[in-house]
Structures are given as structure tokens and as C-alpha cells.
Amino acid sequence: MTDPCRVRFAPSPTGDLHVGGARTALYNWLFARHHDGVYFLRIEDTDVERSTAEAADAIVKSLQWLGLEWDEGPYRQAERLALYREYAERLLDAGKAYPCVCTPEELEERRKAAMAAGRSPRYDGRCRDRHSKPEKPWALRLKVQEVGMTVVKDLIHGEVRFDNAELDDFILVRSDGLPTYNFAVVVDDALMHVTHVIRGDDHLSNTPKQVQVYRALDFPLPEFAHVPMILGPDRTRLSKRHGATSVLAYRDLGYLPEALVNYLVRLGWSHGDQEIFSRDELVHYFDLARVGHTPAVFDQAKLDWLNGHYLRGADPKRLADLLVAFWLKAEVPADEIEAAAARWSSLGSARTFGEAVVQTFGERSKTLWELAQASRFLFRVAIDYDVRAREKCLRPETQRHLRDVSTRIRSVIRFDAATLEKLYRDFVAERGLKLGDVAQPTRVALTGRTVSPPLFHVMELLGREICLKRLEAMWQQKND
RNA sequence: GGCCCCAUCGUCUAGCCCGGCCUAGGACGCCGCCCUCUCAAGGCGGAAACGCGGGUUCGAAUCCCGCUGGGGCCA
């Protein structure tokens, strides 16, 4: 019986959780669940300049929304500073690290000089033989192994070799007493018994440095797995320039968490030709060995397709609950939403108004936001008419049709889709018209547009009163 | 600049590790047709890729080298 694996997601709270980070979290989570291991969250907030509590909060919210619950934590590096100090002290005592009194300004100057002379801008090691703590402010540098190679065994990339001569004595603890990323991450991963470090490709180049820290501290090495990054459509690192990139932004745009998860997991991982995966299937099939090597471009069109797929399959009740917030955002007054719902329920339908809307508009929408906008005309709000379509409705002949059909609508007993459809079909049959001759103008009068969900369902949703009012406005309109 | 990673349709990818089954498969998107009260959804069909150059081999998308291109890290 081997010990269970332990993995972590360790974001810096310097901004919203973007889709790249979310995928890293997802892969960690799936790996842990697949292997019955432990997945935990660690907030890397030692960079006090850039870290904020709001960002940490947004990350936690994002992860919760995606359903990536953690078993431990969140741990916070800011609360563990004493630990880093303790291990720094050990390295200093053991002579494996040394105090450096070079100031950032001096280093910058030397760096420039080196560049100008065509040399690489590495630290020149001038404080290397210093042992005692100086009076002046100092930073702690690791005395790195200068010869040989550091080989990183990566579960995705295989063995990656780095020449130790390329490494310089990098800083472990800054002069302000705060640990650098490469130091804190090693101390934490080792102390927290992380068995598999699964993170973005951008950290692969940092790994040989971290390996040196593991060795200096006599910590056992974890396994590493560096997953390729997610790029924008222009093939550069994803950033705000690319529009929506944060998990919360997608939530607010009306995407479903299961759609985003499904999209993200397939970006860089595959299981044959399968595109749609349930949560259980993902846990069952997920395997780091099947994670690709190539950076992936984020394609919103495919996310849209997946979201549409999940929207169609989702429980109408759940969607209806979520929809309200999007209607409000589409500037539908709250009391209009209530009025429509009350009117609907007085009709005695088994479904609620929201559920009925979801069922007729859902399969035509990619997102809840789209659904809310497309169904906006169901309320007593100002409708923006398609100008050209409206002009066609104002032809005398068409206005007559609308007027005559209105008369029948007014007197029909049951106001439901089936009855209305029969009414329209009888009407056009009697007059030798095609259904579209009357249905299309009706659609325009009621919705403002030439496209909508099936007309008779729309009418049922709208209710007799609003239908007659909008129809009347259309056939009474003077065509000047 | 140095180092590291990567390279199959526009995009995500299967195939590559263990060469022949690949006249390169699937999905999104796109185009066409069917269904149809419009639009979706669904069904059917189509256009669309092994970056380039050298090897190795009877045979390479698959192995090796170089180039080119892209990305990242260092500061």
C-alpha cells in the first residue's frame, strides 16, 4: 500500500483566476481524485506589493464555482514566514547559502555592463565567500552547484537537461526578509509532502533552481509535470487584451461551470475522439500521460458550442433560477418579471414561467446572457423593431390579416400553443394563404424580429393581453 | 541576448513512444442539402492539415540532424 498522492494548486493572488490557472487547478484536482489522493489549495501571497485579499477571494470563489473543492487549506504563505526564515537559517549555518550585500542598484548596473560587454547578465558571485551576517541590509543567496547538469524528470516532457553553469547564485530571501518564489515554493511543497507538482509550463525553467534548493535542504524530490500554456488567438500569453479570460467573467457571461470544465480539460488532454465528458468520466479517464506537449489556443467558439450543449441538457428549474439575474442585467424590471410569472402561474401550468422560457429559448442560446436577451421581449419593455421587417408588416394587405387574426385571437377560449396553431392554420387555409404570410408578420409585431422561437409557444408565453396589444399597434399603425 | 519547451486542417486534437493498417480519423467553426411558421436543435454531405530541408529505411506524419517559426524563463 503506497501513500496517497498529494497535489496542490498554488496561485498568486495578484488578479482574477484566469482560464489557464483554472485548467492547472482542474488537472491537479482530477489527478488527485483519480488516484484517491489529496488536493489542496495554497495561496502564494508573499509578494505583498501585488497580492490582494480581493484577488485571493476571487480565486476561492472561482474554484468553488467550478466545483474543484479542496481537501485542505487554503494555506497562505504570508502566515508561514517564520518557517521560511527557519530554513533560510539552516542553509546559512550549513554554508549552503550566503549573505549578499550587493544592492539592487549595483546589480542592475553590473547587469547592464555585462550585457554591453556581451556577457550573460548573471550574478558574479562576489559575496560568495561571506559567512557572517553583515551590518548592512543583505539578501540570502544559494550557493548553487556550478558543474554538471540538473536533470528534471518531467511526467509530460520527459527528461529535461539544464547545464548548471547556466545557473547563478539566485536569491532565496530578499533584504526585506521575504522569501522568493523559488525558495518558498520548495519549502512548502516539501513540508506539505507534495508528491506531484503539476503546474504551468512557464515554471519549467525555474525547476532546476528549485531542484538545487531541494538538494541543499535534503528534501526528497517530488514528481514534476509541466502542462503547456493556454494562448490567445494571436498565440501569445493570455492577457486582458484577449477579452474575457477570467473564470468569473465567464460565469457572469452566462456560461455553465460544467461547460467550462469540459472545454478546459480537452484543451491539452484527450481521450480518443470523445468530446463530452461527465465529471465522473473525467475522474475515471484523466491521465497525465495523455496531456499534450503543445500550447493550446483558447477558442471561444468551441466553448460556446459546449455551453449550448450543456444548456440544452441542464435542469430547466436550475436554469430558470440562474436566468433571473441575467434578465435584471438586461434591464428587465424586477416587477415585470414577477408580473409575468404571476400571470403564468394563474393559468395553472405545471411548469413555472421561467422553466417554460428556458424550454423554448434554451436550445437556441449559447449562454444564459444570450437567452436573457433573446427572451427580453416577453416582458412589457420597449421593443426595438427590425425596421425593414416592420415596414413589410405595414402593407395594407398585411395589416388586414393581422387585424382579422386578432379578432379570432381575442375570442379563442384556450390561449395555448396548440389552439393558436390550429387557429392560424385554419385562418390561412380559409384565405388561401401560406402560414408564413401571417405568422411572420405576427412574429415581427410581437417580438420585433424576423427570428424567434416557434411562434405559438412565444404567444403562449406572452399571454393574450400583450399579444393583442402589440398586434393592434401594428395593424393600426398609419403607413405614411 | 543566453537557456528551455513546442511544431498534424483556421482552432482543439487522434495517429507519433512500438515506422507500413493514413488515399491522415474525430470535434468546433465554415459552406451546401434535408427537416421546417422564422431561428435553433437534429440528420446528411463538402472544403480544409502532416512548416521546410537533409538523412536512416524496401517504406516516415511517425526515427535522427539542421533550418524556420511560435511560446516561455532569466533580468
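Just so we're clear, the structure is a prediction, and the values are computed from it rather than from any experiment. (Residues numbered from 1 in each chain as written. Chains lettered and ligands numbered in written order. Predicted model: local features only at pLDDT ≥ 70, side-chain atom pairs only at ≥ 80, totals over all residues. Heavy atoms only, no water.)

## Considering the sheet that holds strand 8 (residues 171-173)
Move 1: One open sheet accounts for 3 strands, arranged 4-5-8; its pairing is antiparallel. Bordering the open sheet on either side are strand 4 (97-100) and strand 8, each of which pairs with just one other strand. Between one strand axis and the next, the sheet turns through 45° on average, direction left out of account.
Move 2: Sheet strands touched by helix 3 (residues 81-93): strand 4, strand 5 (139-142) and strand 8. Its angle to strand 4, the strand with the most contacts, is close to 100°. (Pairing = 2+ DSSP bridges. Helix = DSSP H or I, 4+ residues; strand = E, 2+ residues; numbered from the N terminus. Axes fitted to C-alpha atoms, helices over the stretch in contact; angles between N-to-C directions. Contact = heavy atoms within 4.5 Å.)

## Section: the protein's contact with RNA strand B
Move 1: Around RNA strand B there are 47 residues in total, and R111, G268, E363, R364 and S452 lie nearest to it.
Move 2: Near the protein, within 4 Å, the atoms of RNA strand B are sugar or phosphate in 79% of cases.
Move 3: In the model, a base nitrogen of RNA strand B is placed 3.0 Å from a nitrogen or oxygen of the E275 side chain.
Move 4: The separation between a phosphate oxygen of RNA strand B and a polar main-chain atom of V297 is 2.9 Å.
Move 5: Of all the secondary structure elements, the ones that give two or more residues to the surface near RNA strand B are helix 4 (104-116), strand 7 (158-163), strand 12 (296-297), helix 10 (300-313), helix 18 (435-447) and helix 19 (455-462).
Move 6: Looking at the surface near RNA strand B, its residues break down into 16 nonpolar, 11 polar and 20 charged. (Near = heavy atom within 4 Å. Polar contact = N/O pair within 3.5 Å; in protein donor to acceptor, adjacent residues only side chain to side chain. Nonpolar A, V, L, I, M, F, W, Y, C, P; charged D, E, K, R; others polar.)

## What about the environment of G73?
Move 1: Among the structural elements, G73 can be located in strand 3 (residues 72-76).
Move 2: A residue is classified by how much of its surface remains accessible, and G73, at 39% relative accessible area, is partly exposed. (Buried < 20%, exposed > 50% of the residue type's maximum accessible area, 1.4 Å probe, protein only.)

## Observations regarding the state of the cysteines
Move 1: One pass over the full model with this rule turns up 0 disulfides.
Move 2: Not engaged in a disulfide, the cysteine C127 finds its nearest cysteine sulfur in C102; these two sulfurs lie 3.7 Å apart.
Move 3: On the basis of relative accessible area, C127 is assigned to the buried category, the value being 4%.
Move 4: Unpaired in terms of disulfides, C393 finds its nearest cysteine sulfur in C467, a separation of 14 Å. (Disulfide = S-S within 2.5 Å.)

## Description of the pairing of strand 1 (residues 6-9)
Move 1: Covered by surrounding structure in strand 1 are R6 and R8 together with V7 and F9, the residues of both alternating faces.
Move 2: The β-α-β motif built from strand 1, the intervening helix 1 (residues 19-34) and the parallel element strand 2 (residues 38-43) has right-handed crossover chirality. (Right-handed = clockwise from strand over helix to strand, strands pointing away.)

## Comments concerning the side chain of S406
Move 1: Tracing the backbone through its elements, the reader meets S406 in helix 16 (residues 396-411).
Move 2: Judged by relative accessible area, which is 1%, S406 ranks as buried.
Move 3: Here S406 is in contact with L468, L471 and W475, once residues within four sequence places are set aside.

## Some thoughts on the side chain of T150
Move 1: Relative to the helices and strands, T150 is located in strand 6 (residues 149-154).
Move 2: Judged by relative accessible area, which is 0%, T150 ranks as buried.
Move 3: A distance of 2.5 Å separates the side chain of T150 from the side chain of N164, its partner in a polar contact.
Move 4: With residues near it in sequence (within four places) discarded, T150 still touches V160, R161, F162, N164, P208, V211, Q212 and R215.

## Thoughts on the nonpolar core
Move 1: Counting residues in each nonpolar core, the largest one holds 105 residues, and the members touching the most others are Y39, L63, L264 and M459.
Move 2: Examining the composition of this core, we find that 9 residues originate from one element, helix 1, more than from any other.
Move 3: Excluding residues that lie within four positions of it along the chain, M459 makes contacts with I409, F415, L420, Y424, T442, L446 and C467.
Move 4: A97, V160, L167 and V173 belong to the second largest nonpolar core, which has 34 residues in total. (Core = buried A, V, L, I, M, F, W, Y, C linked by side-chain atoms within 4.5 Å.)

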